[in-house]
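# Coordinates in review
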Amino acid sequence: MGRYLLKRLSQAVLVVISVMVVVFVVTRLIGDPVAVMLPLEATEENRAILEAQLGLDRPILVQLGHYIVDAVQLDLGDSLWQRRPAIDIVLERLPPTIVLVVAGFVLGVLLGVVIGVVSSLRPGGWVDRAAVTLGLLGVSLPQFWIGLMFIVFFSVGLGWFPTSGSGGIEFLVLPAVVLALPIVGRIALVTRSSMIDEMNAQHVKDAVARGVSRTRIVLVHALKGAGIATLTIAGWELIGALAGGAVVVETVYAWPGIGFTAMQAIERHDIILVQAVVFVVAIMVVTINIIVDITYAMLDPRVKLDRAR
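Every chain is numbered on its own, with residues counted from 1 as its sequence reads. The predicted origin of the model limits local features to residues at a pLDDT of at least 70 and limits the giving and counting of side-chain atom pairs to 80 or more, whereas totals for whole chains, interfaces and linings rest on all residues. As a convention, hydrogens and water are excluded, and side-chain values are obtained from all of the structure's heavy atoms.

With that out of the way, let us pick up the overall build of the chain. A count of helical and extended segments in the chain gives twelve helices and zero strands. Element order for the chain, N to C, with α for helix and β for strand: α-α-α-α-α-α-α-α-α-α-α-α. Structurally, the chain occupies a C-alpha span of about 85 × 55 × 30 Å along its principal axes. Looking at the chain as a whole, 39% of its 309 residues qualify as buried. Relative to all contacts within the chain whose residues are 6 or more apart in sequence, the contacts with residues 24 or more apart total 74%. Under the convention used here, a 1.4 Å probe and the Shrake-Rupley method define accessible areas, while residue burial counts only the protein chains that appear. Split by element, the accessible area of the chain, about 16,500 Å² in all, is 68% carbon and sulfur. Runs of H or I in DSSP of at least four residues are treated as helices and runs of E of at least two as strands, each being numbered from the N terminus. A 1.4 Å probe rolled over the protein chains alone gives each residue an accessible area, and that area as a share of the maximum for its type sets the label: buried under 20%, exposed over 50%, partly exposed in between. Contacts are assigned to residue pairs with any non-hydrogen atoms lying within 4.5 Å of each other.

As structure tokens, then:
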């Protein structure tokens, strides 16, 4: 276990550094923060002074070297937009994102597993067909469109929930549901498929022959066997919700998390803040991957971490 963790941690460091390099280069190619910060009547001299203040007048490799060294010390520079440490801004906006992602993820996984298990008990029945249709809709419909339709119907039409912002539980309901819908769809489809395979497995047939109750067969024998496939897709869904889905949902509902902050930073060409957001998200993603791999071994003793990868 120790050797495996050391190997995965070294891989995680390389992944984070690679992501930092890519984002660093891309942010300097897609926009000119100096032009955004200066007034229209600014002269070339004003531009040169501001570039020197921001360190943007140095060769890009020199800038990259300073950036990586500073990032190791958690000094990601000051936001060009808010003029204060970018890491402080990201850490302030991180808790709302975690609340949203955890709420949407837990809701999506619970509903997805329940729907997948129920639909697998009678393959081809009306419940199964309805579950598959729901799963396909959840995967196919764009989240931003669903979010806007929810606002029109539940917020503007019925007045049940606020249209945007944060506060009490009523502000969380719509964003969490919208974030959960694609998770429900994919988890339900994967769980259904895995459960059908497990219900036809030899060890389940042996349990039936021994007179084991159907409830125990479904919840213990079959569901445990299907857990690896469900865990795999659940891990990817958590990463997707954190690194992608949260950005869309937070932007639609003006939820004050790091996704919404990243979009604001991109609009203002705040490359320092964008880099800080990506840096924190990259660390969280590789951490989730390691946790998921360790959970594999806990669910299935056949998985040997020291031999993995």
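Picking up after the structure, the text goes on.
Working note: non-glycine residues mostly have negative phi, and peptide bonds are mostly trans. For Leu74, which is not a glycine, the phi torsion comes out positive at approximately 60°. If you trace the backbone, Leu74 turns up in the loop between α4 (60-72) and α5 (86-121). Positive phi values are uncommon outside glycine, yet Ala254 reaches one of about 50°. Summarising the element assignment, Ala254 is placed in the loop between α10 (214-253) and α11 (258-267).

Looking now at the pattern of salt bridges. The working definition used for a salt bridge is a side-chain nitrogen of Lys or Arg within 4 Å of a carboxyl oxygen of Asp or Glu. Following the criterion strictly, the structure yields three salt bridges and no others. The closest approach of N and O atoms between Arg186 and Glu237, which form a salt bridge, is 2.4 Å. Of the two residues, Arg186 is situated in helix α8 (residues 169-199) and Glu237 in helix α10; the sequence distance between them amounts to 51 residues.

Once that is clear, we can look at a nonpolar patch on the surface. Note that patches include only residues with greater than 30% relative accessible area and no salt bridge, and the join distances are 9 Å for like charges and 5 Å for nonpolar side chains (Val, Leu, Ile, Met, Phe, Trp, Tyr). There is a patch of nonpolar side chains on the surface, built from Leu137, Leu141, Phe144, Trp145, Leu148, Met149, Val152 and Val248 and spanning about 690 Å² of accessible area. With five residues, the single largest contributor to the nonpolar patch is helix α7 (residues 143-157). One can find Leu148 in helix α7. Judged by its relative accessible area of 41%, Leu148 falls in the partly exposed class.

An axis is simply a line fitted to the C-alpha atoms; with a helix, the fit covers only the stretch in contact. Between two such axes, the angle follows the N-to-C directions and lies from 0 to 180 degrees. Contact geometry of α5 with helix α6 (residues 126-140) gives a least axis separation of 8 Å together with a crossing angle of 145°. The way α5 lies across α6 gives a crossing that is left-handed. Here Ile115, Val118 and Ser119 of α5 lie close against α6, whose contacting residues are Val127, Asp128, Ala131 and Leu134. A breakdown of the residues in the contact of α5 with α6 according to their chemical character gives five nonpolar, one polar and one charged. Note on convention: near helix rotated counterclockwise from far helix by under a right angle means a left-handed crossing. Clockwise means right-handed. Charged means Asp, Glu, Lys or Arg here, nonpolar means Ala, Val, Leu, Ile, Met, Phe, Trp, Tyr, Cys or Pro, and polar covers whatever is left, Gly included.

The next thing to look at is the domain arrangement of the chain. By the assigned domains, the chain splits into domain 1 (2-72) and domain 2 (87-299). In this entry, domain limits derive from an automatic or database-based domain assignment. Here the C-alpha centroids of domain 1 and domain 2 sit 32 Å apart. Domain 1 puts 21 residues into the contact, and the matching count from domain 2 is 14 residues. Taken over both partners, the interface formed by domain 1 and domain 2 buries close to 1,400 Å², and the fraction arising from carbon and sulfur atoms is 76%. Of all residues in domain 1, Arg8, Val16 and Thr27 give up the largest surface area on contact with domain 2, accounting jointly for 27% of the area buried on that side. Remark: the boundary between domain 1 and domain 2 carries zero salt bridges. Polar contact is defined as a pair of N or O atoms within 3.5 Å, subject to the rule that within protein one atom must be able to donate a hydrogen and the other to accept it, and that residues adjacent in sequence are counted only when both atoms are side-chain atoms. Scanning the region where domain 1 abuts domain 2 turns up zero residue pairs in polar contact (both at pLDDT 80 or more). For the side of domain 1 that touches domain 2, the secondary structure elements donating two or more residues are α1 (2-30), α2 (33-37) and α4. Per-element accounting of the side of domain 1 that touches domain 2 gives the leading share, 14 residues, to α1. Buried area is calculated as the accessible area (1.4 Å probe) missing from two parts once they are joined, with the contributions of both summed.

For the rest of this paragraph, the subject is the packing of aromatic side chains. Working definition: rings of Phe, Tyr and Trp (its six-membered ring) pair if their centres are within 6.5 Å, and the pair is stacked with planes under 30 degrees apart, edge-to-face with planes over 60 apart, and tilted otherwise. Scanning the model with the defined rule gives four aromatic pairs in all. Pairing Phe154 with Trp160 gives two aromatic rings, centres 6.0 Å apart and planes at 35°, and the pair type is tilted. We classify Trp160 as exposed; its relative accessible area is 55%. By way of ring pairs, the aromatic residues Phe150, Phe153, Phe154 and Trp160 are connected into one cluster.

Every helix has an expected span of 1.5 Å times one less than the residues it contains. Taking 1.5 Å of rise per residue, 31 residues should cover 45 Å, yet α8 covers just 39 Å from first to last C-alpha, more than 12% shy of that figure. One axis fitted to the seven residues ending at a residue, another fitted to the seven starting there: the angle between these axes is the bend at that residue. Where α8 bends most, the angle comes to about 30°, and this point is Ala180, followed within four residues by the proline Pro182.

Okay, the nonpolar core next. As used in this record, nonpolar core signifies buried Ala, Val, Leu, Ile, Met, Phe, Trp, Tyr and Cys residues forming a set joined through side-chain atoms within 4.5 Å. Leu76, Val90, Leu100, Tyr253 and Phe279 are the most contacted members of the largest nonpolar core, which totals 66 residues. Per-element tally for this core: the top contributor is helix α12 (residues 271-299), with 15 residues. For this core, the two domains that each supply at least three residues are domain 1 (2-72) and domain 2 (87-299).

Okay, the side chain of Thr97 next. The topology assignment puts Thr97 in helix α5. Judged by its relative accessible area of 0%, Thr97 is buried. Within the structure, the side chain of Thr97 is placed 2.8 Å from the backbone nitrogen of Ile258, a separation counted as a polar contact. Each residue touching Thr97, except ones within four places of it in the same chain, is listed here: Leu242, Ala246, Glu250, Trp255, Gly257, Ile258 and Gly259.

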